[in-house]
Amino acid sequence: MVTPRPVWPLTRRAERDQVTFAVSDTEIGMTAEQNSRLFQEFNQVDMSTSRRDGGTGLGLALSRRFCRMIGGDVTVQNAVGPGSTFTIRRPVEVRGEGVSGGGA
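Residues numbered from 1 in each chain as written. Predicted model: local features only at pLDDT ≥ 70, side-chain atom pairs only at ≥ 80, totals over all residues. Heavy atoms only, no water.

Enquirer: Please explain the overall build of the chain as it appears in this structure.
Expert: When helices and strands are tallied, the chain shows 3 helices and 5 strands. When each of the 104 residues of the chain is scored for burial, the buried share is 26%. Taking contacts inside the chain between residues at least 6 apart in sequence as the whole, the part at least 24 apart equals 46%. When the accessible surface of the chain is summed, it comes to about 7300 Å², and 55% of that surface belongs to carbon and sulfur atoms. (Helix = DSSP H or I, 4+ residues; strand = E, 2+ residues; numbered from the N terminus. Buried < 20%, exposed > 50% of the residue type's maximum accessible area, 1.4 Å probe, protein only. Contact = heavy atoms within 4.5 Å. Areas by Shrake-Rupley, 256 points an atom, 1.4 Å probe, with all protein chains shown as cover.)

Rendered as structure tokens:
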């Protein structure tokens, strides 16, 4: 659930062998039951959003699958009330003085 004009803080952190991006919102959050369905294909936590805004329920499932293909992951921390934080972690390789994305 996203506000029409969200203002999300984006944090970045580089660690030894991975880079992490985290995006947080201040919406209503999700229940444990909703969270359990979040990364399932063709499933949306709030079906009223699907009717209003369109969508197939594939975005998070595909994002997680692609991240896992390169050795990373997409996770979520949330609770009803304070909103959600989605975190993407992906591997990186350090080559000389530059950093490049890792692959499988």
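Enquirer: Looking at this structure, I do not really get the environment of Gly29. What am I missing?
Expert: For Gly29, the location among the structural elements is in the loop between β2 (18-24) and α1 (32-37). Sequence-wise, Gly29 and Gly81 are 52 residues apart; in three dimensions their C-alpha atoms are separated by 5.4 Å.

Enquirer: What exactly am I supposed to notice about the packing of aromatic side chains here?
Expert: Two measures describe an aromatic ring pair: the distance that separates the ring centres and the angle between the ring planes. This model, assessed by the stated rule, comprises 0 aromatic pairs. The lysine or arginine in question, Arg64, covers the ring of Phe39, its NZ or CZ lying 3.7 Å from the ring centre. (Phe/Tyr/Trp six-rings, centres within 6.5 Å; stacked < 30°, edge-to-face > 60°. Lys NZ or Arg CZ within 6 Å of the ring centre and 35° of its normal.)

Enquirer: It is not clear to me how helix α3 (residues 59-69) should be interpreted in this structure. Could you clarify?
Expert: Three or four residues apart is the spacing at which side chains of an α-helix point the same way, because the helix has 3.6 residues per turn. Those residues of α3 not exposed but buried are Ala61, Arg64 and Cys67. One side of α3 holds all its buried residues, which, seen down the axis, span an arc of 135°. Facing away from the buried side of α3 by over 90 degrees, the exposed positions are Phe66 and Met69. Just beyond α3, the residue with positive phi is Gly71, at close to 90°. (Arc of directions from axis to C-beta.)

Enquirer: Help me understand the confidence of the model for the chain, please; the structure alone is not making it clear to me.
Expert: Atom-level detail of predicted coordinates should not be read off regions where pLDDT is low. The pLDDT averaged across the chain works out to 75; a share of 64% of its residues lies at or above 70. Model confidence for the chain, summarised as mean pLDDT per element, is weakest for helix α2 (residues 47-53) at 54 and strongest for α3 at 92. This stretch, residues 1-7, has a pLDDT under 50; its non-local contacts, to residues over four places away or in other chains, come to 9 contacts. (pLDDT = per-residue confidence, 0-100.)

Enquirer: What should I look at first to understand the pattern of salt bridges in this one?
Expert: Between side chains of opposite charge, a pair can form as their charged atoms come close. Applying the stated criterion to the full structure yields 4 salt bridges. Across the pair Arg37 and Glu33 runs a salt bridge, and its minimum N-O distance is 2.9 Å. Placement of the pair is Arg37 and Glu33 together in helix α1, with a separation of 4 residues, close to one helical turn. For Arg37, a relative accessible area of 21% gives the class partly exposed. (Salt bridge = Lys/Arg side-chain N within 4 Å of Asp/Glu carboxyl O.)

Enquirer: When you look at a nonpolar patch on the surface in this model, what are you seeing that I'm missing?
Expert: A grouping of Leu62, Phe66 and Met69 is seen on the molecular surface, where their side chains present a nonpolar patch of about 300 Å² in accessible area. As for its position among the elements, Met69 is in helix α3. (Patch = residues over 30% accessible without salt bridge, like charges linked within 9 Å, V, L, I, M, F, W, Y side chains within 5 Å.)

Enquirer: Sorry, what's going on with the environment of Gln34 here?
Expert: For Gln34, the position within the fold is in helix α1. Taking the C-alpha atoms as reference, Gln34 lies 8.7 Å from Gln44; in sequence the two are 10 residues apart. A distance of 2.9 Å separates the side chain of Gln34 from the backbone nitrogen of Thr31, its partner in a polar contact. (Polar contact = N/O pair within 3.5 Å; in protein donor to acceptor, adjacent residues only side chain to side chain.)

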